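Analysis of the macromolecular model
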Amino acid sequence: MSVRHALLALLSEGPKYGLQLRQEFEARTGEVWPLNVGQVYTTLQRLERDDLVASDETGDGGPQNRFRITAEGERELATWLRTPPDLSSPPRDELVMKILIALRVPGVDVHEVVQAHRRYLVELMQEWTRLKEYAADRDLGFALVVDAELFRLDSVIRWLDAAEGRIKRAASDPPMDAAAALPKLPRRVGVPR
Amino acid sequence: MSVLELRDVSKVYGEGSSEVNALREVSLVVDAGELVAVMGPSGSGKSTLLTIAGSLEEPTSGEVLVCGAALSGMSRNDRARLRRRSIGYVFQDFNLLAGLTAAENVSLPLELDGTPAKAARVEGIRALDELGLGQRASRYPDELSGGERQRVAIARAVVGDRRVLLADEPSGALDSANGEAVMRLIRSACQRGVAGVVVTHDAQLACWADRVVFLRDGRVVDQTTTPPGPESLLAPSRNL
């Protein structure tokens, strides 16, 4: 989550004070990402240092200062909005590591390991769904954040389902030795961003 | 209070070398006002569980109780009456009768159970109204969208004094917005006192339930505990 760019986005609407930026940030993100006031002022100081924002008054950067976005800041915001995050390298996912390791540890039932994680994820999704049920109809930003979290958790459950099916099939029909069967394939993917 | 109960229910199809154990000693209790989702991969026994719970099929062994009454002790006619009066079904492909209007589809179970046509129609329109479809009551199924058809099917499933609502992949043919709307309606019906069971492979839909039961190879292998409440997600210490 880029607090830096979120603050630039809020300032693109007009000059604002630090406390005002904090309140608006939390309101626009459905209050899902709390932001402390120190983080707001530290980020504003860095943005000012990089000439992306300017303060209207001379001071110590505290609550009495009002900030506005500069032309350079507007260019930075426009570029950031259109630049996809780097998803080309698989993250070193702890859950994936656990399932891979569970396959190798003697005496471990990998299906039991998969189910423990699946249950935890479904319970988390139940909590997010309750939030959606009670609050999301009244707040578009919050509904978008909750949906993003539900889709993210759902994708992990889908991976667990697929992994469990693949492990089950492999147990009854072991795959060929991949190194012998396939030419060397690139392990990194990516497209120009 | 338990409205639906399965006690050690097993179901075997075929015999000898072609024998398939679809359900193995499954026990499940669903209370009034509770919505339970059953999740599992294809072939795990989800749909079999639902058809046995709804008295559409008999278990090989074990017992099913609806409102405290054991189905095995009932005559065929009594079971049919119980299905008409107390149990509502929602299917993935809606199962509406094409030659009947939305209101006629919804009031049909009441008429079959002896309610005079006029009173049944009033009750059917009231059920459609509750689901926001009052204005579409005189439309035929092919004049309705997929989401509207499923809402008619839900109205048909809860019309009258139904105590149990059983749904098999109720939003499988719908997009995510309509799927969510269907689950909200099913949850809302349960909150009015109906015991609901939804089988689905879709976690986003299962999560509308109070409890999620996991089925694998015909056995209940796990279930969720009661969620602690949504406010826990927004605690300041939460690392997001």
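Residues numbered from 1 in each chain as written. Chains lettered and ligands numbered in written order. Predicted model: local features only at pLDDT ≥ 70, side-chain atom pairs only at ≥ 80, totals over all residues.

The number of helices and strands found in chain A is 8 helices and 3 strands. By residue count, 18% of the 193 residues in chain A fall in the buried class. Look at the contacts in chain A between residues 6 or more apart in sequence, and 51% of them connect residues 24 or more apart. (Helix = DSSP H or I, 4+ residues; strand = E, 2+ residues; numbered from the N terminus. Buried ≥ 20, exposed ≤ 12 C-beta atoms within 10 Å, placed from the backbone. Contact = placed C-beta atoms within 7 Å.)

All names here are of chain A. The domains assigned to chain A are domain 1 (3-82) and domain 2 (94-178). A C-alpha centroid distance of 36 Å is found between domain 1 and domain 2. Counting residues at the interface gives 4 residues for domain 1 and 4 residues for domain 2. Looking at side-chain class alone, the side of domain 1 that touches domain 2 contains 1 nonpolar, 2 polar and 1 charged residues. (Domains from an automatic or database assignment. Nonpolar A, V, L, I, M, F, W, Y, C, P; charged D, E, K, R; others polar.)

Let us look at the sheet that holds strand β2 (residues 53-55) of chain A. The strands that make up a sheet are held in pairs by hydrogen bonds between backbone atoms, and each pair lies either parallel or antiparallel. Residue and element names in this part refer to chain A. A sheet is described by the order of its strands in space; here 3 strands give the open sequence β1-β3-β2, paired in antiparallel fashion. Strands at the two margins of the open sheet, each flanked by one partner only, are β1 (16-17) and β2. Bridge count for β2 against strand β3 (residues 66-69) is 3 bridges, and the pairing is antiparallel. Bridging across to β3, valine 53 finds its partner in isoleucine 69. Set on the sheet, helix α3 (residues 37-49) makes contact with β2 and β3; between it and β2 the angle comes to about 105°. (Pairing = 2+ DSSP bridges. Axes fitted to C-alpha atoms, helices over the stretch in contact; angles between N-to-C directions.)

All names here are of chain B. In this model, serine 55 sits at a positive phi of 65°, which is unusual for a non-glycine residue. Note that serine 55 resides in the loop between α1 (46-53) and β4 (61-66). Backbone geometry places aspartate 217, a non-glycine residue, at a positive phi of 50°. Topologically, aspartate 217 is positioned in the loop between β9 (211-216) and β10 (219-223). The class of aspartate 217 is partly exposed, set by 16 C-beta atoms lying within 10 Å.

All names here are of chain B. As judged from the 5 bridges shared by strand β1 (residues 2-13) and β4, these two strands associate in the antiparallel manner. Bridge assignment links serine 10 to a residue of β4, and that residue is serine 61. When β4 meets strand β5 (residues 69-70), the two strands line up antiparallel, connected through 2 bridges. Note on β5: the bridge partner recorded for valine 66 is alanine 69. Where β4 folds back on β5, the antiparallel hairpin that results is connected by 2 residues, among which cysteine 67 adopts a positive phi of roughly 50°.

A few words now on the interface of chain A and chain B. Accessible area lost on assembly of the parts is the figure often given for the size of an interface. Between chain A and chain B, the residue contacts involve 21 residues of the former and 19 residues of the latter. For the side of chain A that touches chain B, the secondary-structure elements that each account for two or more residues are α6 (110-135) and α7 (140-172) of chain A. If you tally residues by element for the side of chain A that touches chain B, the top one is α6 of chain A, at 12 residues. Broken down by class, the residue content of the side of chain A that touches chain B amounts to 10 nonpolar, 4 polar and 7 charged.

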